[in-house]
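# Analysis of the macromolecular model
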Amino acid sequence: GEDVEQSLFLSVREGDSSVINCTYTDSSSTYLYWYKQEPGAGLQLLTYIFSNMDMKQDQRLTVLLNKKDKHLSLRIADTQTGDSAIYFCAEGTASNDYKLSFGAGTTVTVRA
Amino acid sequence: GAVVSQHPSWVICKSGTSVKIECRSLDFQATTMFWYRQFPKQSLMLMATSNEGSKATYEQGVEKDKFLINHASLTLSTLTVTSAHPEDSSFYICSASHPRGGNQPQHFGDGTRLSIL
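About the cut-offs
Residues numbered from 1 in each chain as written. Chains lettered and ligands numbered in written order. Predicted model: local features only at pLDDT ≥ 70, side-chain atom pairs only at ≥ 80, totals over all residues. Heavy atoms only, no water. Disulfide = S-S within 2.5 Å. Helix = DSSP H or I, 4+ residues; strand = E, 2+ residues; numbered from the N terminus. Buried < 20%, exposed > 50% of the residue type's maximum accessible area, 1.4 Å probe, protein only. Contact = heavy atoms within 4.5 Å. Buried area = accessible area lost by both parts, 1.4 Å probe. Salt bridge = Lys/Arg side-chain N within 4 Å of Asp/Glu carboxyl O. Pairing = 2+ DSSP bridges. Axes fitted to C-alpha atoms, helices over the stretch in contact; angles between N-to-C directions. Core = buried A, V, L, I, M, F, W, Y, C linked by side-chain atoms within 4.5 Å.

### Examining the state of the cysteines
All names here are of chain A. On inspection of all chains with the given rule, the structure shows two disulfides over all chains. Covalent S-S linkage joins Cys22 and Cys89, the inter-sulfur distance amounting to 2.0 Å. Its S-S torsion of approximately -65° makes the covalent link between Cys22 and Cys89 left-handed. Taken as a pair, Cys22 in strand β3 (residues 18–23) and Cys89 in strand β9 (residues 85–93) lie far apart in primary sequence, 67 residues in all. Cys89 matches Cys22 in its accessibility class, with the two residues each being buried.

Put into structure tokens, the structure is as follows:
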């Protein structure tokens, strides 16, 4: 089955790096996603990685995947006030027709 | 990037009213669309998977007769909350994925906040 867990809160100083962590359980063919949700809005796809990859970088975002530990992280470099939001980790597996299982979301607060 | 439009963004109506929410993929064709419900400060709960030209697949515990889903074209899916009651008040979000085969990321609409008085 699927069970995605992530820490609930993260506070970071503007300009520092943010690291949001997530663990998942399904070891089959899996895509792992990071979505951002701002208040009152839908989800914005930030990046995603397939389970046979170790790392993916896209501008300020770096995704690291530890397959052995089933641990996924999202690093945001040079965090800005506009990065304050809820970040959801999600897993989509072939065994479940790639329907997404979401973590509870990590609320990131960027302080000046 | 892929754009999904959801309408209306906010609706308030009286108990017993039926409410229709539209989800459109604006720049791609989506054979599959998903409907989610999100309670305050919680994660998304998948309600149903909507496939173009066929009946929707509902998740366990979701009432089919309460939440009617229609996916008549590759760019439009609708969710109708029938005879809505205050407990149906929630944030409803749709998503759509490209039909290129295999797994494609889901792109989300901006959500509809439904308030039933």
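That was the structure; now back to the text.
### Focus: the interface of chain B and chain A
The interface of chain B with chain A comprises 20 residues on the first partner and 17 residues on the second. Carbon and sulfur atoms supply 57% of the area that chain B and chain A bury against each other, a total of about 1400 Å² over both sides. For the pair chain B and chain A, the interface holds one salt bridge. Between Glu59(B) and Lys99(A) there is a salt bridge; the shortest N-O distance is 2.9 Å.

### Remarks on the sheet that holds strand β1 (residues 4–7) of chain B
Residue and element names in this part refer to chain B. The sheet built from four strands is open, its strands ordered β1-β3-β8-β7 with antiparallel pairing. Each edge of the open sheet carries a strand with a single partner, namely β1 and β7 (67–73). Geometrically, the sheet is characterised by an average inter-axis angle of 15° between neighbouring strands, direction not taken into account. As judged from the six bridges shared by strand β3 (residues 19–25) and strand β8 (residues 76–81), these two strands associate in the antiparallel manner. Note on β8: the bridge partner recorded for Val19 is Val81.

### A short note on the nonpolar core
In terms of nonpolar packing, the biggest core is built from 25 residues, with Trp35(B), Tyr58(B), Phe67(B), Ile69(B), Leu79(B), Tyr92(B) and Leu114(B) touching the most fellow members. When residues of this core are traced back to their parent elements, those giving at least two are β2 (10–13), β3, β4 (32–38), β5 (44–51), β7, β8, β9 (90–97) and β11 (112–116) of chain B. Apart from the residues lying within four places of it in its own chain, the contact partners of Phe67(B) are Arg37(B), Met47(B), Tyr58(B), Val62(B), Leu79(B), Thr80(B), Val81(B), Asp88(B) and Tyr92(B). The next biggest cluster of nonpolar side chains, apart from the first, holds 20 residues, and it includes Ile20(A), Leu32(A), Leu61(A) and Leu74(A).

### Considerations on unusual backbone geometry
Between His7(B) and the following residue, Pro8(B), the backbone shows a cis peptide bond with an omega angle of 0°. The phi torsion at Lys70(A) lies on the positive side, around 55°, for a residue other than glycine. Position of Lys70(A) relative to the elements: it lies in the loop between β7 (61–66) and β8 (71–76). Here the phi dihedral of Lys41(B) falls at roughly 60°; this positive angle occurs in a residue that is not glycine. Relative to the helices and strands, Lys41(B) is located in the loop between β4 and β5. Taking the relative accessible area as the measure of exposure, Lys41(B) reaches 84% and is therefore exposed.

### Notes on the pattern of salt bridges
Residue and element names in this part refer to chain A. Applying the stated criterion across every chain yields a total of seven salt bridges over all chains. We note a salt bridge from Asp83 to Arg60, for which the minimum N-O separation is 2.9 Å. You can see Asp83 sitting in the loop between β8 and β9 and its partner Arg60 sitting in the loop between β6 (55–58) and β7, a full 23 residues away along the chain. Arg60 gets classed as partly exposed once you look at its relative accessible area, which sits at 31%. Put simply, Asp69 and Lys68 hold a salt bridge, and the shortest N to O gap is 3.6 Å. Classification of Asp69 as partly exposed rests on a relative accessible area of 48%. The exposed category is assigned to Lys68, whose relative accessible area is 72%.

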